[in-house]
Amino acid sequence: MLESVGALTGSPWIYAVVALSVLLDVFLPLLPSGVLVIAAATAAAASTTTVTAAAGGATRQVPSLLVLMLCAATASVLGDLVAYRLAWRGGARLDRAIARSRRLTTAQERLGAALSRGGGALVVVARFAPAGRSVVSLGAGAAHRRAKDFLPWSALAGVAWAAYSVGLGYFGGQWLGATWLGTAVSVLALFLAGSLAAVVVRRPARDREPTPTGV
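The paragraphs below set out a description of the structure included in this document. Here the structure is a predicted model, which means the values were calculated and not measured.

Comments concerning the side chain of Asp25
Tracing the chain through its elements places Asp25 in the loop between α2 (13-24) and α3 (33-48). A distance of 2.2 Å separates the side chain of Asp25 from the side chain of Arg133, its partner in a polar contact. Ignoring any residue separated from it by four or fewer positions in sequence, one finds Asp25 in contact with Leu31, Ser33, Arg133 and Ser134.

Below you can see the structure in the form of structure tokens.
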């Protein structure tokens, strides 16, 4: 995989592949969009350490890490918006599907409470949790939360996730080179952040459970 991504980093296609993967993983959480972003950033960062002057003193250009981050962040927000709008229009069928899922129901209630208080940190944290982006975007749309309450936090979440993923790939590429070890260490850091986010997202739901009292 790393070799294939490395070959793509020399062409604009890497941006399209990353954007498409990030856009679709709100519907298909199993897509390895985070791994792809990290692998692309790792290959690009490692390339900057081996660039040599070509004939005429020209320097071979490598993909911009900033553009890579902007592509990932923009695709993340667009995917959230599409899921939000589809859930908004889902009607009674989607409401029944959410009602059958304890996880979706809990997420919808928590999101509504957070947005009504003017805080959307849950949206940002959930972006790092496995399938958290899907649950939050669909929950916001199904509950008909106002776009102006949800989308700014979605944008912040997309930028934070993209910056973190690209940063992991960049530092992994700088320190360990474009190797499987460098990519694996960066991906592990991404998964650890996701596990921590999942704990943070779920903990308040348990805290709200009533404490049994003696008679």
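So, the packing of aromatic side chains
If you walk through the whole model with that rule in mind, you get 5 aromatic pairs. When the ring of Phe171 is compared with that of Trp175, the centres are 5.5 Å apart and the planes differ by 35°; the resulting orientation is tilted. Of this pair, Phe171 and Trp175 both sit in helix α9 (residues 147-176), 4 residues apart, which is roughly one turn of the helix. The exposed category is assigned to Trp175, whose relative accessible area is 67%. Of the aromatic side chains, those joined through ring pairs into one cluster are Tyr84, Trp88 and Phe150. Between the NZ or CZ atom of Arg85 and the centre of the ring of Trp88, over which it lies, the distance is 5.5 Å.

Describing the nonpolar core
Here is a general trend for soluble globular proteins: nonpolar side chains tend to be buried in one another's company. Val18, Val22, Val37, Leu68, Ala72 and Trp161 are the most contacted members of the largest nonpolar core, which totals 20 residues. Elements with a contribution of two residues or more to this core: α2, α3, α4 (65-88), α9 and α10 (180-207). The greatest single-element share of this core, amounting to 6 residues, is contributed by α3. Sequence-distant contacts of Leu68, defined by excluding residues within four places in its chain, comprise Tyr15, Val18, Val37, Ala40, Ala41 and Val166.

Thoughts on the packing of α2 against α4
Following both chains from N to C, one finds α2 and α4 inclined at 30°, their axes separated by 8 Å at the closest point. In this view, α2 runs roughly parallel relative to α4, as classed from their interaxial angle. Here the hand of the crossing between α2 and α4 comes out right-handed. Together, Tyr15, Val18, Ala19, Val22 and Leu23 of α2 and Val67, Leu68, Cys71, Ala72, Ala75, Ser76, Leu78 and Gly79 of α4 make up the contact between the two elements. By residue class, the composition of the contact of α2 with α4 is 11 nonpolar, 2 polar and no charged.

Some remarks on the pattern of salt bridges
Applying the stated rule across the entire model yields 3 salt bridges. With a closest N to O distance of 2.2 Å, Arg133 and Asp25 form a salt bridge. Of this pair, Arg133 sits in helix α8 (residues 132-142) while Asp25 sits in the loop between α2 and α3, and the two are 108 residues apart along the sequence. In this pair, the class of Arg133 matches that of Asp25, namely buried. When the shortest N-O distance is used, the salt bridge between Asp149 and Arg146 registers 2.8 Å. For Arg146, a relative accessible area of 48% translates into the label partly exposed. Bridged by salt links that share partners, the residues Asp25, Asp80 and Arg133 form one connected network.

Overview of unusual backbone geometry
The phi torsion at Ala131 lies on the positive side, around 65°, for a residue other than glycine. With respect to the secondary-structure elements, Ala131 resides in the loop between α7 (121-126) and α8.

Concerning a nonpolar patch on the surface
Residues Leu20, Leu24, Phe27, Leu28, Leu31, Val82 and Leu86 make up a contiguous nonpolar surface patch of roughly 590 Å² in combined accessible area. Counting only elements with at least two residues in the nonpolar patch, the list comes to α2 and α4. Locating Val82 in the fold gives a position in helix α4. Val82 gets classed as partly exposed once you look at its relative accessible area, which sits at 38%.

Conventions and cut-offs
Residues numbered from 1 in each chain as written. Predicted model: local features only at pLDDT ≥ 70, side-chain atom pairs only at ≥ 80, totals over all residues. Heavy atoms only, no water. Helix = DSSP H or I, 4+ residues; strand = E, 2+ residues; numbered from the N terminus. Polar contact = N/O pair within 3.5 Å; in protein donor to acceptor, adjacent residues only side chain to side chain. Contact = heavy atoms within 4.5 Å. Phe/Tyr/Trp six-rings, centres within 6.5 Å; stacked < 30°, edge-to-face > 60°. Buried < 20%, exposed > 50% of the residue type's maximum accessible area, 1.4 Å probe, protein only. Lys NZ or Arg CZ within 6 Å of the ring centre and 35° of its normal. Core = buried A, V, L, I, M, F, W, Y, C linked by side-chain atoms within 4.5 Å. Axes fitted to C-alpha atoms, helices over the stretch in contact; angles between N-to-C directions. Parallel < 35°, antiparallel > 145°, perpendicular 65-115°, else oblique. Left-handed = near helix turned anticlockwise from the far one by under 90°. Nonpolar A, V, L, I, M, F, W, Y, C, P; charged D, E, K, R; others polar. Salt bridge = Lys/Arg side-chain N within 4 Å of Asp/Glu carboxyl O. Patch = residues over 30% accessible without salt bridge, like charges linked within 9 Å, V, L, I, M, F, W, Y side chains within 5 Å. Areas by Shrake-Rupley, 256 points an atom, 1.4 Å probe, with all protein chains shown as cover.

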